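Okay, here's what each chain looks like letter by letter:
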Amino acid sequence: MKFAIISAGEGSRLSQEGVQLPKPLVQLNGEAMIDRLIRIFAKNGASQVVIIINNEVQATKEHLAKLKESMALPLEVVVKTTPSSMHSFYEISPYLKGDKFCLTTVDTVFREEEFTHFIDAFRVSENDGMMAVTDYIDDEKPLYISTDRKLNITGFYDAMTPDCQYISGGIYCLSPKAINVLQSCIEKGISRMRNFQRQLVADGMKLTAYPFSKILDVDHTSDIVKAEAFLNNKED
């Protein structure tokens with residue numbers, strides 16, 4: 001099973017708030033966010049990790065080049081500036097064909113044990129995909145998810161509906177079928193990940209929601225403190 005990291009954003013909000021490092025290299029408890037994901041993916045049996053970074057930040061390119069030389073786990077690094085996360089996904093999609101894969105962004109923070117249970121569940125699932133969800137809302141523009149009683153996903157919404165217990169956690173486990181949907185979305189000019197997810201449902205793909213206790217994103221300096229407290233089990 002392959003794993004993929006979208007790390008093509010510039011992290012402009014962090015830099016505007018005084019963070020010197022590019023977002024992938026921002027540290028949580030002394031570990032760069034991108035290193036943390038790669039380590040967790042390796043621990044969960046990744047056959048390869050595919051990463052896309054933008055072409056603007058030399059430090060990130062140099063960091064990954066050194067990492068690639070020192071790791072036994074195959075790393076595929078794509079360097080390209082893209083207009084959106086969905087376009088980044090499209091750029092790395094050729095490397096993800098033919099097998100189940102897990103995709104997330106570099107600033108997604110979760111508990112390792114929950115992630116392992118999630119991956120184990122997806123590996124044995126016969127569904128077309130499994131999406132990490134949480135009822136913890138700390139997102140500027142949450143994507144709400146409706147499900148049936150068996151946690152099969154029935155829709156994705158920009159605003160809460162009566163059927164929405166969860167929001168998207170931004171960790172996507174998908175089968176190869178999803179690549180065909182992605183290709184169709186790009187051809188139609190669809191450019192947001194949430195609209196891609198809506199298309200998965202519209203095309204009849206069976207997706208399951210997998211609840212996590214909490215998933216955080218690191219967009220602001222205050223999020224770094226929150227993420228470290230969360231990982232250290234010291235959050236309020």
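On a predicted model such as this, the values are computed, not experimentally measured, just so you know. (Residues numbered from 1 in each chain as written. Predicted model: local features only at pLDDT ≥ 70, side-chain atom pairs only at ≥ 80, totals over all residues. Heavy atoms only, no water.)

Asker: I'd love a proper account of the overall build of the protein, names of residues and values included.
Answerer: The helix and strand inventory of the protein stands at 8 helices and 13 strands. For 236 residues, the compact-globule estimate of 2.2 N^0.38 gives 18 Å, and the protein sits close to it at 17 Å. With the C-alpha coordinates of the protein rotated into their principal frame, the extents come out at 45 × 40 × 35 Å. Burial analysis of the protein (236 residues in total) assigns 51% to the buried set. Summarising the internal contacts of the protein: among those between residues at least 6 apart in sequence, 76% fall at separations of at least 24. As displayed, the protein offers around 10,900 Å² of accessible surface, 47% of which is attributable to carbon and sulfur atoms. For the protein, the separation between the mean place of its 26 positive charges and that of its 32 negative charges on side chains is 4 Å. (Helix = DSSP H or I, 4+ residues; strand = E, 2+ residues; numbered from the N terminus. Rg over C-alpha atoms; globule rule 2.2 N^0.38 Å. Buried < 20%, exposed > 50% of the residue type's maximum accessible area, 1.4 Å probe, protein only. Contact = heavy atoms within 4.5 Å. Areas by Shrake-Rupley, 256 points an atom, 1.4 Å probe, with all protein chains shown as cover. Lys, Arg positive; Asp, Glu negative; His and termini not counted. Charge placed at Lys NZ, Arg CZ, Asp CG, Glu CD.)

Asker: Residues and numbers for the packing of aromatic side chains, please.
Answerer: Under the defined criterion, the tally for this structure stands at 10 aromatic pairs. For the ring pair F3 and F115, a centre distance of 6.3 Å and an interplane angle of 50° mean the geometry is tilted. Placement of the pair is F3 in strand β1 (residues 2-7) and F115 in helix α5 (residues 112-124), with a sequence separation of 112 residues. Relative accessible area serves as the criterion here: at 0%, F3 is assigned to the buried category. Classification of F115 by relative accessible area gives buried; the value is 0%. Ring pairing ties together the aromatic residues F3, F41, F110, F115, F118, Y210 and F212, which thus form one cluster. The ring of F110 carries R36 above its face, with NZ or CZ at 5.2 Å from the centroid. Directly above the ring of Y136 sits K214, whose terminal nitrogen or CZ lies 4.4 Å from the centroid. (Phe/Tyr/Trp six-rings, centres within 6.5 Å; stacked < 30°, edge-to-face > 60°. Lys NZ or Arg CZ within 6 Å of the ring centre and 35° of its normal.)

Asker: Outline helix α7 (residues 193-202), listing residues and values.
Answerer: Of all the positions in α7, only M193, R194, F196, Q197, Q199 and L200 are classed as buried. One or two positions beyond α7, positive phi appears at G204, with a value near 85°.

Asker: Give me helix α2 (residues 33-43): which residues, what numbers.
Answerer: Within α2, 8 of the 11 residues are buried, which leaves the element mostly enclosed by the surrounding structure. Those residues of α2 that fall on the buried side of the exposure criterion are M33, I34, D35, R36, L37, I38, I40 and F41. Where α2 terminates, the next one or two residues include G45, which has phi positive at roughly 80°.

The analysis is restricted to geometry; functional conclusions fall outside its scope.
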